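Observations on chain architecture
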Amino acid sequence: MPDLSELNNLLGDEALIHYASGREQDRLSKGAGLLELARSQELISRYLPPPPAVIFDVGGGAGVYSFWLAQQGYEIHLIDAVPLHIEQARHLSQTQPEYPLASLAVGDARQLNRADNSVDAVLLLGPLYHLTERTDRIIALREAHRLLKTGGFVLAAAVSRFASTLDGLFGGHLDDPEFVEIVKQDLIDGQHRNPNNHPRYFTKTFFHHPEELRAEVEEVGLHSEKILAIEGPGWLLQNFQEHWNDVGRRDRLLEAIRWLETEPSILGMSAHIMAVARKQAVK
């Protein structure tokens, strides 16, 4: 495993400052994060084998998905590059000893401590954001491929190239000239930067075009099954909480997102997209 100085170099000061606030632990429990969580759980559930199967949750933060899967009987190994997230996960683990994680550790998606062909599925629901160089993303995807058993799935999330533009338009951030410059750069090359660490403008990240995500997955020898919208256009609802709190409206919202989840012409409207890729048998 890499030492902490290497992890700091991976994330950079900007990202470390962002995550040092601890806000990531609760991000999926409010606002549009509720939609991201519900849809990610739905998509993950479609492709995982039944428990007990071995799942590597790489870049899994404080373990939101890890603990959810452990409760279903999966053998879960949580890895994250932010020490605070692993500390938070350890604390949560103590509160629910009946659903333990098999392991949790500070680590790097590019160097995973696991034997070849020994894992049933790999979740990459964060690393591809912060590996801003393509070469590093390919290394991380190769590591996931190495760990997987034949037939196993990688489920890899990315931030959409157009997320900041849409957020700026619907959230009013385009009134801020500083944010406008951030958005312009995002649209040019996907390299999102927040040099002044504005708390609403995220952190050092790479924003994928859907076809870039597909190409990266295929480059490492994985078979790209689908690129799916996670939130679809639902995160842009101006009265989102009203819809979410009404069970009927919530169900209709989720159903509409399913109708649109593979439509190429609007994939980029989703704040996050997910690559579903399978390890094939060697021919």
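Data block above holds the structure.
Residues numbered from 1 in each chain as written. Predicted model: local features only at pLDDT ≥ 70, side-chain atom pairs only at ≥ 80, totals over all residues. Heavy atoms only, no water.

Focus on the pattern of salt bridges
On inspection of all chains with the given rule, the structure shows 21 salt bridges. Taking the shortest distance from any N to any O, the salt bridge between R27 and E36 comes out at 2.7 Å. Among the ionic pairs, R146 bridges to E143, the shortest N-O distance being 2.7 Å. Residue R146 and its partner E143 are both found in helix α6 (residues 134–147); the two are separated by three residues, about one turn of the helix. By relative accessible area, which is 23% here, R146 ends up partly exposed. Taking relative accessible area as the criterion, E143 reaches 12% and is therefore assigned buried. Salt bridges linked by common partners bring R39, E42, R46, E255, R258 and E261 together as one network. (Salt bridge = Lys/Arg side-chain N within 4 Å of Asp/Glu carboxyl O. Helix = DSSP H or I, 4+ residues; strand = E, 2+ residues; numbered from the N terminus. Buried < 20%, exposed > 50% of the residue type's maximum accessible area, 1.4 Å probe, protein only.)

A short note on the environment of L267
You can see L267 is positioned in the loop between α11 (247–260) and β9 (272–279). Spatially, the C-alpha atom of L267 lies 28 Å from that of A62, the residues being 205 residues apart in sequence. Not counting chain neighbours up to four residues away, the residues in contact with L267 comprise P210, I227, L228, A229, E261 and I273. (Contact = heavy atoms within 4.5 Å.)

Observations concerning the packing of aromatic side chains
Under the definition given, this model contains four aromatic pairs. Judged by centre distance (5.6 Å) and plane angle (20°), the rings of F240 and W244 are stacked. With a gap of four residues between them, F240 and W244 both fall in helix α10 (residues 240–245), about one helical turn apart. Assessed through its relative accessible area of 6%, F240 is described here as buried. On the accessibility criterion, W244 (9% relative accessible area) is buried. (Phe/Tyr/Trp six-rings, centres within 6.5 Å; stacked < 30°, edge-to-face > 60°.)

Digging into α11
Taking 1.5 Å of rise per residue, the 14 residues of α11 would be expected to cover 20 Å, and the 20 Å separating its terminal C-alpha atoms lies within 8% of that figure. Within the sequence span of α11, burial applies to L253, L254 and I257. Taken end-on, α11 shows its buried residues confined to a sector of 95°, consistent with a single buried face. Residues R252 and W259 are exposed on α11 and point more than 90 degrees away from its buried face. Close packing links the buried residues of α11 with α2 (33–47) and α10. (Expected span 1.5 Å × (residues − 1). Arc of directions from axis to C-beta.)

Topic: the pairing of strand β1 (residues 54–58)
Across the five residues of β1, five count as buried, placing the element largely inside the fold. Burial of β1 is two-sided: the residues V54, F56 and V58 facing one way and the residues I55 and D57 facing the other way are all buried. Sheet topology places β1 next to strand β2 (residues 75–80); five bridges connect them, and they run parallel. For F56, the partnering residue across the bridge sits in β2 and is H77. Where the polypeptide runs from β1 across helix α3 (residues 64–70) and back to β2, its parallel neighbour, the crossover connection is right-handed. (Pairing = 2+ DSSP bridges. Right-handed = clockwise from strand over helix to strand, strands pointing away.)

Topic: the packing of α6 against helix α9 (residues 210–219)
Each pair of packed helices gets described by two things: the angle between the helix axes and the distance between those axes. Between α6 and α9, the least distance of the axes is 9 Å, while the angle of their chain directions is 50°. The orientation of α6 with respect to α9, classified from their angle, is oblique. Judged by the sense of rotation from one axis to the other, the crossing of α6 with α9 is right-handed. For the pair α6 and α9, contact is made by R134, R137, I138, L141 and R142 and by A215, E216, V217 and E219, respectively. For the contact of α6 with α9, the per-class residue count stands at four nonpolar, no polar and five charged. (Axes fitted to C-alpha atoms, helices over the stretch in contact; angles between N-to-C directions. Parallel < 35°, antiparallel > 145°, perpendicular 65-115°, else oblique. Left-handed = near helix turned anticlockwise from the far one by under 90°. Nonpolar A, V, L, I, M, F, W, Y, C, P; charged D, E, K, R; others polar.)

A look at the side chain of E24
Among the secondary structure elements, E24 is positioned in the loop between α1 (4–20) and α2. Within polar-contact distance, the side chain of E24 engages the side chain of R27 at 3.1 Å. Once residues within four sequence positions are removed from consideration, E24 is found in contact with Y19 and H85. (Polar contact = N/O pair within 3.5 Å; in protein donor to acceptor, adjacent residues only side chain to side chain.)

Things to note about the packing of helix α7 (residues 163–171) against helix α8 (residues 177–189)
At their nearest, the axes of α7 and α8 sit 8 Å apart, and the two run at 150° to each other. Here α8 runs roughly antiparallel to α7, going by the angle between their axes. For the crossing formed where α7 meets α8, the hand is left-handed. Contacts between α7 and α8 involve S164, T165 and G168 from the first element and F179, V183, D186 and L187 from the second. Split into classes, the residues belonging to the contact of α7 with α8 amount to three nonpolar, three polar and one charged.

Any link to function would need more than the numbers given here.
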